[in-house]
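What the coordinates show
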Amino acid sequence: MVSNDEVTTVVFANGGTLDVAASLEQVAKQLEDAARSSAGTLAWFHEAAAGDRLGVNPTHVVSIRRGRD
């Protein structure tokens, strides 16, 4: 199980959310790096609940926050 300090909620423009297994700072850095790369570059994370690896398009992200409050 992932601790609360290691879960970040990503909020998308369509209102959807995704809990990822990473700190707030790690998620911010991954999203920033992907946004600065070439168009279409994804930020890769592991889903907190299932551990599945997921690519996130940073242009669809509205905000991030500490997860599992």
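Preceding this paragraph is the structure being described.
Residues numbered from 1 in each chain as written. Predicted model: local features only at pLDDT ≥ 70, side-chain atom pairs only at ≥ 80, totals over all residues. Heavy atoms only, no water.

Considering the side chain of Thr8
- With respect to the helices, strands and loops of the structure, Thr8 is situated in strand β1 (residues 7-12).
- For Thr8, a relative accessible area of 0% corresponds to the buried category.
- One polar contact links the side chain of Thr8 to the main-chain carbonyl oxygen of Ala22, over a distance of 2.8 Å.
- If we ignore the near neighbours within four places in the chain, the residues touching Thr8 are Leu18, Asp19, Val20, Ala22, Ser23, Leu24, Val27, Ile64, Arg65 and Gly67. (Helix = DSSP H or I, 4+ residues; strand = E, 2+ residues; numbered from the N terminus. Buried < 20%, exposed > 50% of the residue type's maximum accessible area, 1.4 Å probe, protein only. Polar contact = N/O pair within 3.5 Å; in protein donor to acceptor, adjacent residues only side chain to side chain. Contact = heavy atoms within 4.5 Å.)

Considerations on the pattern of salt bridges
- All chains considered together, the criterion is met by three salt bridges.
- The partner of Asp33 in a salt bridge is Lys29, and the shortest N-O contact between them spans 3.1 Å. Of this pair, Asp33 and Lys29 both sit in helix α1 (residues 24-36), four residues apart, which is roughly one turn of that helix.
- Classification of Asp33 as partly exposed rests on a relative accessible area of 29%.
- Since its relative accessible area comes to 46%, Lys29 is described here as partly exposed.
- Residue Asp33 is joined to Arg36 by a salt bridge in which the shortest nitrogen-to-oxygen separation is 4.0 Å. Remark: Arg36 and Asp33 occur in helix α1; sequence separation between them is three residues, near one turn of the helix.
- What makes Arg36 exposed here is its relative accessible area of 66%.
- A cluster of three or more residues bridged by salt bridges with shared partners is formed by Lys29, Asp33 and Arg36. (Salt bridge = Lys/Arg side-chain N within 4 Å of Asp/Glu carboxyl O.)

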